[in-house]
Structure formats: C-alpha cells, structure tokens
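Coordinate inspection notes
The chain contents come next:
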Amino acid sequence: MCGIVGYIGDENATPVILDGLKRLEYRGYDSAGIAVIQDNKIFVRRDAGKLSHLSDLIQNDPINGNIGIGHTRWATHGEPNTRNAHPHLGSTGNIVVVHNGIVENYLELREELSAEGVIFNSDTDTETIVHLIERFYSKEQGLLAATEKALTLIRGAHAVVVMSSYEPDKIIAARIGNAGGVVVGYGDNEMYVASDIPAILERTRQVTFLEPRQMAIISSTGVKIKVIEGEYVQPQIHIVSWDPISAEKGEYRHFMQKEIHEQVRSINDTLAGRVDFDEGMIRIPELNLTKDLASRIEKIYITGCGTAAHAGMVGKIMIERIAKIPVTVEIASEFRYSDPIIQDNTVVLAISQSGETADTLAAMEEGRAKGATIWSIVNAIGSQAMRIADGYISMQSGPEIGVASTKAFTSPLVDLYMMAILIGHMRGSLGESERKRLVNDLRLVPDLIGQCLDREQDVLLVAEELKDARNALYLGRGINMPIAYEGALKLKEISYIHAEGYPAGEMKHGPIALVDRELPVVAIAPKDPWWEKMISQVEQAKARGGSVIILATDGDQRSAELAKHVLWVPDTPWLLSPVITVLPLQLLAYHIASLRGLDVDQPRNLAKSVTVE
Ligand code: AGP
C-alpha cells in the first residue's frame, strides 16, 4: 500500500528517496512522486504507473536538493493518475504533503476550503491537509503549529509528512491512528523518515517509531518528538537487526518462490530458543503468560485478515484440542464492528505479517476497549500490532516481499501450536507425556518441509496442466479445511483464476452443481482424522466427472486410484499437517501464475500491507 520516504542531510535527496521508494515497491502502488527543495523553492515530479516512469521523468528534468519527500500511492480517493499522485502542493507552492490514510471528513473540509476560495488541483482527500496547513501558517507560529492545527481537524487514521520552503531546515511527520507506521532513521548529519523500515534499512539501523498521535520534527542533526497538542517526549531509539541481503531475490525468479523455499529456515528460526526438546517445554517470555492468566482464560478470539485469518482457523483447532479453551475466529474487518462479547477472561489474539493492517489493529483496539488481554503474532519487528499487545510472538520469518504470503503463513501455524502447548501446560489441561510427545513432534517439521519442497518438479507438472483453467474448487475438512481456503486464495490472488475454498462436507449443499470435466477439484486429503470422510467426498466429485487432484500422504493407495494427479506429502503428525499440506498449494499457485507470465510478486490491485479500511 502507500509508501513514504523523506530525507534531510548533505546528499542529494532525489536518489536517496527514489531508492527508498523502490524498496517499498513490494507494498503495491499505482503512482509515485517526489518533492525536493532546490534554491528555496519546492519542485515536484510525479507520474502514474511504476517508479521507472518517475525515474525517467526526473532524468529528463532533474531536481536536486538536500531535503525532500517521496511517495508511492495506492489509490483510494481519485483515479491513479498524475494529478492525484502525491506529493500535493498548497496554493502558494510553499508547502507540500505526502500522506497515507483516508481523511474521512474530506468532503466537508473541501467544501469549507472551497468556500474560502481555495482551488483544488486533484480529486484526493490528501489535498485538504496541505490547504489546511496553509490556512494556519504564519511566520510567527511556524510550520509545526500550522501542521498541528490542521491535524486536529482531519478525521480518520493517518501518516502525514510535510515540508515547506518557508522552513527548509526540517521535515515534519505525524502519525494518527493506524494508517501504517512512521519510522525516523538516524544517520551521520542526515536523517530519514519512512512508512516502513525496509525503505531506509540499507542506510541506517537506528530508528525511532512514532506512536499514534505523535509528531516528529526532523532536522539533519536529529529529531524531536511531540505529542499532538501535548508535550515533547524523549525519542526511543531501536536498533534493527534485519539483514537487507535476505531481502534480495538471490537465485530465484521471484520473491514468492524464494520465500516458499525459505520455509525450512523460517520454521527453524521460529522454533529457535522457544522449544526445549530435552525438557519437552515451550518458552515464549514475550507472550507474558502467567499461570494466573493461563488458568483464568475462558475464551480466545483469533482475528486477522486473509492468509493470517486462515492461520487463525488452523490455530482454533490446535488450541481447542491441546489447551482445551474455546476459540472463535473472526475476520478482523467484521470483528471490529461486531460488538463482540468480551469479558475479563477473554484473550484477543491478532495475527499479522505486517503488523500494520488497519482492520487487524482496529480489532485489537476493540478488544482492548472491552477489557480483553491482547496478544499478537507478528512478523514485522517493531510494528504497531507488536507494540500495542500485552504479549506477542515474533514470527521470525524475515522480510516477506511477495504480496502473496507464504512463509508468514507457516510460521504462525507453528507459533499457534507452541502457544497451545504452553497454555495447556500452564493451566494444567495438558498432561506431561502428551506435552512431551507434542513438543517432540516439532522436531520433525523442518525436515518434512524440506522433503516437500524437494518435490517441486511434480507440482510443476500439475501446474502445466492447470494453467489454462478458468475456475478451480479446493476442498478440505477439519484442520485442513483452512488449507483449502488458503490454497484457493493463493491461486486467485496471483494467477487471477477464480478459485473457491470449501469445506468438503458442504459440497453436496450447492457447489457440487459446478462440477464437470472442466473444473479442477483440488482435494486436501492427508492421513488425518478426517481422511475417510474426505475420500468419500472426492468420490462424489469424481462420479460427476470432476477432474480431481488429490493432495495425499505418501503410500495412500486409495487416493492414487481415485485421482487424475496426486500431490504427495510426507506423513506428518496431524496437528502439524497444515504446515506441510499448504506447501504444494503455494508452489502450485506460484507455477501456474508464473507459466501464465504474470507479475507474481506484485499482482494487480493488491498491496502487501493494507493500511486502509
Ligand atoms: C495473502 O497472500 C494476502 N496477500 C493477504 O490476504 C494478507 O494475508 C492480509 O492482507 C493480511 O496481511 P497482514 O498479515 O500483514 O495483516
């Protein structure tokens, strides 16, 4: 989704900002722009489409200066064209703004400003912000006070960055609510501001995150942080340890393929330091789980969006079976408005790769407001979902660049399994021998993932056959039912083939009408407690001419007889089986999209981090 980068220092800001924006490309965008102060005047270059258009524009008509801000925009209000691209200048041309979020009352403000004589040059909600700052600007009060006043008038969640030729020695950034983060980076006589760490990681590891309702006044020598309409606060400096090299594609054609193959490592990393195989114990201190809390929990809501919500559905079965606590999974965009029944002993557990998904953060806030304990499972270190939780588990997946989430699906599955064991042990609902057996099973997972990924060529053969399909039906049951949802989501989001995930038992209540020779039916049928039931459903699809692809456990003769193609997976303890069964489906979607010649890492209309509602 929208990305922001700003620079102030001794260097030419233009290439620094372009490089930072390039590193945020994975978030998805449809126009880009940059503003630089040169000879005390603001110059803007912006264009629709990819960053390469903007680079060409700048090459033909260069802008150079020591201070600048840039933006990649994912359209919300107004078409993705040049006039709507950020940055947006005010009427005098002396103040310029980039912005993530939605000004919810922008129509009202636009009317008010128009009545004052302001001429709008775009269809965006963002433009109202720069005109408001201009309305309040005076030499005596300065840019900070004007920005602060303007921010009090806009409704919604925002990340805003402002620059002015009146005060070319500073950039002002602000965060209100959860429209993505604002991170300030420290250099040597130079400073950075960005919406996400990867934009500036190559240049600095020292950062400060803005909390909601904080502003940063950034000069080339440092930053001051102030609460909006409040006091100045001491900036907290964090050291980021991510390795930028691991964010490169390496030997793979696409980030998605690389990330699928990284899952042996990412699962090893999520286990590291948390599993004591000798004692059969799980240790996750960041979760802040006490014996008292463990024994009090009466209900857990798991919330998240898309792939994260599918991980939560698997987690429900893990927690209910292992820790014996009732779990409800609610899509975050629904949960936030559902007026959920939450009591003191309820936990709201949010799952999010980015930790900045607006709906997920709002769901956490809803839980907080109603008195729940808030936990999160998050990949992006230092993100909002990590910071606002009472306890968290870090996925340890490393940067995920491909828009289609892969390794950030399997890590939370393992985290949920570990969490279930820990809660079960601490509340006394899980006996010692069972606990040791469950912990011991974790030992197998990295090797089983490796075995599965070694079979990529078999998946490629099936992909070649399915690449021209127009629809596909994915079926699953029990703990592998969410894997049908996830397999279908992967296929539709990157290959644009319409795919449905369905609980296999529901097929006869409607979707079976779709089954014919043209419809590939992907049945997830490993040897788990639902296997026999799955097989009988597959028989029903086959009897109606469906072209069946079964995902089956090595040696399963029954599946081999039934299916046109079999995607074999190694035998896996059933509670952990989704970590394995999803892998061939990730590869299948990847190869189909790749054979169709599509932009696998940045599929159309999608953003990596969805920071708007
Ligand atoms: C997954 O492939 C998707 N692109 C999407 O569903 C994603 O999982 C969802 O937007 C949630 O993102 P988050 O994990 O960063 O909160």
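Placed above this text is the structure.
Report on the accompanying structure. Bear in mind that the values here come from a model prediction, so they are computed numbers and not experimental data.

1. A closer look at unusual backbone geometry
For the peptide bond that leads from His 86 to Pro 87, omega is 0 degrees, which places it in the cis range. Even without glycine at this site, Asp 39 takes up a positive phi of about 50 degrees. Here Asp 39 shows up in the loop between β2 (31-38) and β3 (41-48). In this structure, Glu 229 takes a positive phi of about 55 degrees despite not being glycine. Looking at where Glu 229 falls in the secondary structure, it is placed in the loop between β13 (222-227) and β14 (232-233). The exposed category is assigned to Glu 229, whose relative accessible area is 61%.

2. A short note on the packing of aromatic side chains
Here the structure, examined in full by the defined rule, presents four aromatic pairs. Taking the centre distance of 5.6 Å and the plane angle of 50 degrees together, the rings of Tyr 7 and Tyr 192 count as tilted. In this pair, Tyr 7 sits in strand β1 (residues 3-8) while Tyr 192 sits in strand β10 (residues 191-194), placing the two residues 185 residues apart along the sequence. Taken as a pair, Tyr 7 and Tyr 192 share a single burial class, namely buried. Judged by centre distance (4.4 Å) and plane angle (10 degrees), the rings of Tyr 137 and Tyr 166 are stacked. Taken together, the positions of Tyr 137 in the loop between α4 (126-136) and α5 (142-153) and Tyr 166 in the loop between β7 (158-164) and β8 (171-176) put the pair 29 residues apart, joining distant regions of the chain.

3. Here's the deal with the site of the ligand
The environment of the ligand is formed by 14 residues, the closest being Ser 352, Gln 353, Ser 354, Thr 357 and Glu 493. One of the side-chain N or O atoms of Lys 490 is found 3.1 Å from an oxygen atom in the ligand. Elements represented by at least two residues in the shell around the ligand include exactly α9 (306-322) and α17 (481-495). Across the shell around the ligand, the residue classes break down as five nonpolar, seven polar and two charged.

4. As for the packing of helix α7 (residues 263-271) against helix α13 (residues 407-427)
The interhelical angle for the contact between α7 and α13, taken along N-to-C directions, is 30 degrees, at an axis separation of 9 Å. Taken together, α7 and α13 sit at an angle that is classed as roughly parallel. For the crossing formed where α7 meets α13, the hand is right-handed. Within the contact between the two elements, α7 uses Gln 263, Arg 265, Ser 266, Ile 267, Thr 270 and Leu 271 and α13 uses Lys 407, Thr 410, Ser 411, Val 414, Asp 415 and Met 418. Here the contact of α7 with α13 is composed, by residue class, of four nonpolar, five polar and three charged.

5. As for the environment of Gly 9
Note that Gly 9 resides in the loop between β1 and α1 (13-23). Residue class for Gly 9 comes out buried when judged on its relative accessible area of 9%. Each C-alpha atom of the pair Gly 9 and Asn 105 lies 36 Å from the other, and the pair is 96 residues apart in sequence. Apart from residues lying up to four places away in sequence, Gly 9 is in contact with Asn 66, Asn 189, Glu 190 and Ser 220.

Conventions and cut-offs
- Residues numbered from 1 in each chain as written.
- Predicted model: local features only at pLDDT ≥ 70, side-chain atom pairs only at ≥ 80, totals over all residues.
- Heavy atoms only, no water.
- Helix = DSSP H or I, 4+ residues; strand = E, 2+ residues; numbered from the N terminus.
- Buried < 20%, exposed > 50% of the residue type's maximum accessible area, 1.4 Å probe, protein only.
- Phe/Tyr/Trp six-rings, centres within 6.5 Å; stacked < 30°, edge-to-face > 60°.
- Near = heavy atom within 4 Å.
- Polar contact = N/O pair within 3.5 Å; in protein donor to acceptor, adjacent residues only side chain to side chain.
- Nonpolar A, V, L, I, M, F, W, Y, C, P; charged D, E, K, R; others polar.
- Axes fitted to C-alpha atoms, helices over the stretch in contact; angles between N-to-C directions.
- Parallel < 35°, antiparallel > 145°, perpendicular 65-115°, else oblique.
- Left-handed = near helix turned anticlockwise from the far one by under 90°.
- Contact = heavy atoms within 4.5 Å.

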